[in-house]
4 protein chains.
Amino acid sequence: MSVNSFGRVMRFSTWGESHGRAIGAVVDGCPPGIELAETDLQPWLDKRRPGTSRFTTQRREPDEVRILSGVFEGRTTGTPISLMIDNVDQRSKDYGDISTAYRPGHADYAYDAKYGFRDWRGGGRSSARETASRVAAGGVARLVIPEVTIRAFVDELGGDPIDRDSFDPAAIDANLFFCPDAAAAVRWETMVDDARKAGSSLGAVIECVASGVPAGWGAPIYAKLDSELAAAMMSINAVKGVEIGDGFAAARLHDWRGSRGHPRQAA
Amino acid sequence: MSVNSFGRVMRFSTWGESHGRAIGAVVDGCPPGIELAETDLQPWLDKRRPGTSRFTTQRREPDEVRILSGVFEGRTTGTPISLMIDNVDQRSKDYGDISTAYRPGHADYAYDAKYGFRDWRGGGRSSARETASRVAAGGVARLVIPEVTIRAFVDELGGDPIDRDSFDPAAIDANLFFCPDAAAAVRWETMVDDARKAGSSLGAVIECVASGVPAGWGAPIYAKLDSELAAAMMSINAVKGVEIGDGFAAARLHDWRGSRGHPRQAA
Amino acid sequence: MSVNSFGRVMRFSTWGESHGRAIGAVVDGCPPGIELAETDLQPWLDKRRPGTSRFTTQRREPDEVRILSGVFEGRTTGTPISLMIDNVDQRSKDYGDISTAYRPGHADYAYDAKYGFRDWRGGGRSSARETASRVAAGGVARLVIPEVTIRAFVDELGGDPIDRDSFDPAAIDANLFFCPDAAAAVRWETMVDDARKAGSSLGAVIECVASGVPAGWGAPIYAKLDSELAAAMMSINAVKGVEIGDGFAAARLHDWRGSRGHPRQAA
Amino acid sequence: MSVNSFGRVMRFSTWGESHGRAIGAVVDGCPPGIELAETDLQPWLDKRRPGTSRFTTQRREPDEVRILSGVFEGRTTGTPISLMIDNVDQRSKDYGDISTAYRPGHADYAYDAKYGFRDWRGGGRSSARETASRVAAGGVARLVIPEVTIRAFVDELGGDPIDRDSFDPAAIDANLFFCPDAAAAVRWETMVDDARKAGSSLGAVIECVASGVPAGWGAPIYAKLDSELAAAMMSINAVKGVEIGDGFAAARLHDWRGSRGHPRQAA
């Protein structure tokens, strides 16, 4: 009963606490013969890296991934691929109060209720730092399905949506919000600064589009892609809703005499 | 790699095609000593049964469940519990066209792409009839966690929401829509009749509330309850979105100076 | 955590107690397009069927298997295949004493220790009757790997081995002991009759040869074929040892100046 | 489908090639609150360490294990425990010929057949070095079941058995063969030296006794302890047979008028 793993044919497990020595992932079931090196994974970790702007956590980590196994002469062997990322800037003192209090909206209380005690430093394994491990594992997975193009962006922040008519793919990597609407990105800077000063934070809606997915992937019912994707997305810290395609809007369609266009979808 | 199963400690598998001899489920990992008989499961199947109103499929099935194993002298033994429901009214002739055409929004094409051919009768395993098996398995699961109260209802149909101020729990089982707002249920009858005459159908938003769930259930990250519940809901035919708690509304909260109340949640 | 299942890519679960209504198996992951009908499975069940000689249990069961799902127009669909065998001759009264006593060498005590109580009728799920379900599932598996020829026989009974120089494959199905040495089969009849009259029983060593297995099947270490086969064999009631190839004899080889021939192997 | 893992409730995965940077294991499902430090695991690795005598491989590795996660303030947190052992003395040049030839009795050919190519250095993942990872994981498992005492020893080498009447537990750790019969250990030194000079090697039979195992552990049939233990033992490099209790000798018992004593058992 692997509760710290995800996947069926290709499966990865993650390990590591926010303030432990390191974090990592072991990827099992990667086909052999695929070219793989740290340089294939590092760019994805760089996109995610903390400490790069005033809009994310102030912790500064190089997040440098190392491949410790499963690769020989530049190609995957089919054996488990162990990935490791050292933790450099733990700042345990910043989190001192958490040892005696439960943060609302975090897993602090749940961990205590389940285990009887917890690694309170930085939230332990409940920290969003765990996502670095899954991003590294995801970097390997991308190489297995080169026929699929995957792109994600933020399409709403704090209740303020992008303007779809101003959608510019090139803008996604040109601002700090992965936002395809340059004007919205400017508004969001102000919104986030204001929230930060008020000691609060904002939510967002993220959209992810995978193109080129062949018909028939997944398996009926309990392993259908919709279900697997939803499970994956909901396992990310702080995610509270998932939609596929038109999602909730599809539930609201009632003009059967013609389609109204495509409502916004979100993953 | 059990793709036709769901669950970790307690796990069930379903089998059966819409027009095969029978459908069923095998429940594995049910604790021993729990009182279980067909009468514990039949009420849930009766709620779901097709052919009970003009608003659902016209197929007429008694959906009588039988327990074939895992129970001795009225209590579960801890060994696998096999549940079976005979298919009585297959009406294969009603579905004759499907053998040569793919229905939009159904899995017909996906099955052909994946397997090379498919059991087209009534959609085979892709038919929503499969949910009878999972409802039977769910009936067993409820007995394992008596401390949890589970209630579900429809809170929106075809874009028309219930009035929360008129919420009456007793109304849920008093109309054909499991709707807690009697006035909405009346409007919905007209809406569905109109849709049916136009040869179309409507979507809905269903809400499910589980009360009494102890803190600590689930496991961190890949087995957190949010993720497992999302996977379960999304595996149901035609479900396209899942929210936990305030869901997408939580992503839109931006007035941090005070909570605006509780936006509608949906599972 | 499916404890009542076996297999990885193709996986089956069994259910049913010796004296329950029926026993069965659900086969998951069978590739689509394989021709399958009850007539493919029945011969294997007939070989195993109780009540066919005075040398096995006196219970008389037709052991007629039915395929309830996963087949359409004579071929597997890729969806779960549910197999069921009705229990006809339960003879619960023959087993009346077991309800108040633990049989040595059986799982009676272990079940009580684990579950707190047990279905004592005929040993419940611990009965060797469960093997009928696995034989049915195995019948499906054979069709998936037609390139492999599988043959098994008894090569020793009660300490009396066959004479390898008298090995005759045709004899295997010509006597009640699946013995390839006709003379040994005759001796064994006497031995078993004597043991039966003394109120005792005898053990045996069974050999199984699979020919045509391609190199590379299985996966390194924890899923190597040796390990999977050993697990499968040891899960059969009363099996207490497994060898692959030369087995224990290989551990005893000490004449490295030349091979002495092939010591007897046993599965 | 985790093929590089073992276990159900508590489960571990291993990774690493013989000549890669490191090898390791991730232990999932360890209960929280158990005192764990490197000093609990190192003694087991020291017993196994290569290069300690002329009777094992000449590679010299410190095999120092580090715990990278899953422990806080000296106790397990219930989250995954990552264990790592650096490879120091790879000696890739010693293995140069293997890159162009298949060693008989090794997995070289099987890996090529399965994957299309292999990490030939030291056998890659097929090397017995992998057992260091499983020994480390086993060290954690021992702490979870302190009520069970586990002891193993070699009871036969190259066909030469120990004398049970001279069984001395203290001798097990007093010679290089883990042999409880001091006289046999002396004979074995000569046998192994002779085999080594002849360019050959010898096999052995190892016995493992676990005392204090409560009745009811394991689960019926496919997860019975016999089956799980057999799978675990057979997954170790070069193991070709497993017996539980009297094993094959039990199959040969034929004097039902009284037991002859206890034949030698082997795991």
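Residues numbered from 1 in each chain as written. Chains lettered and ligands numbered in written order. Predicted model: local features only at pLDDT ≥ 70, side-chain atom pairs only at ≥ 80, totals over all residues. Heavy atoms only, no water.

Caption draft 1: A look at the overall build of chain A. Looking only at helices and strands, one finds 6 helices and 11 strands in chain A. Within the span of chain A, comprising 267 residues, buried residues form 47% of the whole. Long-range contacts, defined as pairs at least 24 residues apart, comprise 61% of the intrachain contacts of chain A with a sequence gap of at least 6. Approximately 12000 Å² of chain A is accessible, and the part contributed by carbon and sulfur atoms is 55%. (Helix = DSSP H or I, 4+ residues; strand = E, 2+ residues; numbered from the N terminus. Buried < 20%, exposed > 50% of the residue type's maximum accessible area, 1.4 Å probe, protein only. Contact = heavy atoms within 4.5 Å. Areas by Shrake-Rupley, 256 points an atom, 1.4 Å probe, with all protein chains shown as cover.)

Caption draft 2: Spotlight on helix α1 (residues 38-48) of chain B. Residue and element names in this part refer to chain B. Among all positions of α1, only Leu41, Gln42 and Leu45 are buried. Take α1 and look down its axis: the buried residues cluster within an arc of 110 degrees, on one side only. Here the buried face of α1 lies against β4 (65-67), β7 (81-86) and α3 (130-144). (Arc of directions from axis to C-beta.)

Caption draft 3: A look at the interface of chain A and chain B. Of the residues lining the interface, 62 residues belong to chain A; the matching set on chain B comes to 62 residues. Around 5000 Å² of area is buried between chain A and chain B when both sides are counted, 62% of it from carbon and sulfur atoms. The interface formed by chain A and chain B contains 4 salt bridges. Note that Glu156 of chain A is salt-bridged to Arg252 of chain B, the shortest N-O span being 2.5 Å. Applying the counting rule to chain A against chain B returns 19 residue pairs in polar contact (both at pLDDT 80 or more). The greatest single-element share of the side of chain A that touches chain B, amounting to 6 residues, is contributed by helix α2 (residues 108-115) of chain A. A class-by-class count of the residues in the side of chain A that touches chain B yields 33 nonpolar, 16 polar and 13 charged. Both strand β11 (residues 241-243) of chain A and strand β11 (residues 241-243) of chain B contribute to a ladder of 3 bridges, which runs antiparallel. Bridge assignment links Gly241 of chain A to a residue of β11 of chain B, and that residue is Glu243 of chain B. (Buried area = accessible area lost by both parts, 1.4 Å probe. Salt bridge = Lys/Arg side-chain N within 4 Å of Asp/Glu carboxyl O. Polar contact = N/O pair within 3.5 Å; in protein donor to acceptor, adjacent residues only side chain to side chain. Nonpolar A, V, L, I, M, F, W, Y, C, P; charged D, E, K, R; others polar. Pairing = 2+ DSSP bridges.)

Caption draft 4: Layout of the packing of α1 of chain B against α3 of chain B. Residue and element names in this part refer to chain B. With their axes 9 Å apart at the nearest point, α1 and α3 run at an angle of 140 degrees to one another. On the basis of their axis angle, the class for α1 and α3 is oblique. The hand of the α1/α3 crossing is right-handed. Residue-level inspection shows Asp40, Leu41, Trp44, Leu45 and Arg48 of α1 in contact with α3, the latter providing Thr131, Ala132, Val135, Ala136, Gly139, Val140, Arg142 and Leu143. (Axes fitted to C-alpha atoms, helices over the stretch in contact; angles between N-to-C directions. Parallel < 35°, antiparallel > 145°, perpendicular 65-115°, else oblique. Left-handed = near helix turned anticlockwise from the far one by under 90°.)

Caption draft 5: Quick peek at the pairing of strand β8 (residues 149-157) of chain D. Residues and elements named next belong to chain D. Here β8 runs beside strand β10 (residues 204-211); their pairing, made up of 8 bridges, is antiparallel. What sits directly across from Leu157, in β10, is Ala204. As paired strands, β8 and strand β9 (residues 160-161) are joined by 2 bridges and run antiparallel to one another. Across the sheet, the residue bridging to Glu156 is Pro161, located in β9.

Caption draft 6: Seen up close, a nonpolar patch on the surface. On the surface, a nonpolar cluster with roughly 310 Å² of combined accessible area is contributed by Val213, Trp217, Leu225 and Leu229 of chain A. Of note, Leu229 of chain A is situated in helix α5 (residues 225-234). (Patch = residues over 30% accessible without salt bridge, like charges linked within 9 Å, V, L, I, M, F, W, Y side chains within 5 Å.)

Caption draft 7: Here's a closer look at the pattern of salt bridges. All names here are of chain A. Counted according to the given criterion, the structure contains 61 salt bridges over all chains. With a closest N to O distance of 3.3 Å, Asp173 and Lys47 form a salt bridge. Taken together, the residues span a long stretch of sequence, with Asp173 in the loop between β9 (160-161) and α4 (182-197) and Lys47 in helix α1 (residues 38-48) at a distance of 126 residues. On the basis of relative accessible area, Lys47 is assigned to the partly exposed category, the value being 39%.

Caption draft 8: Broad picture of the sheet that holds strand β3 (residues 22-28) of chain A. Residue and element names in this part refer to chain A. Here we have 5 strands laid out as an open sheet, ordered β1-β2-β3-β7-β4, and antiparallel in their pairing. The strands lining the two open edges of the sheet, one partner per strand, are β1 (5-7) and β4 (65-67). Averaged over all adjacent pairs, the angle separating strand axes in this sheet is 20 degrees, with direction ignored. Across 5 bridges, strand β2 (residues 11-15) lies against β3 in antiparallel orientation. Paired with Thr14 across the bridge in β3 is Ala25.

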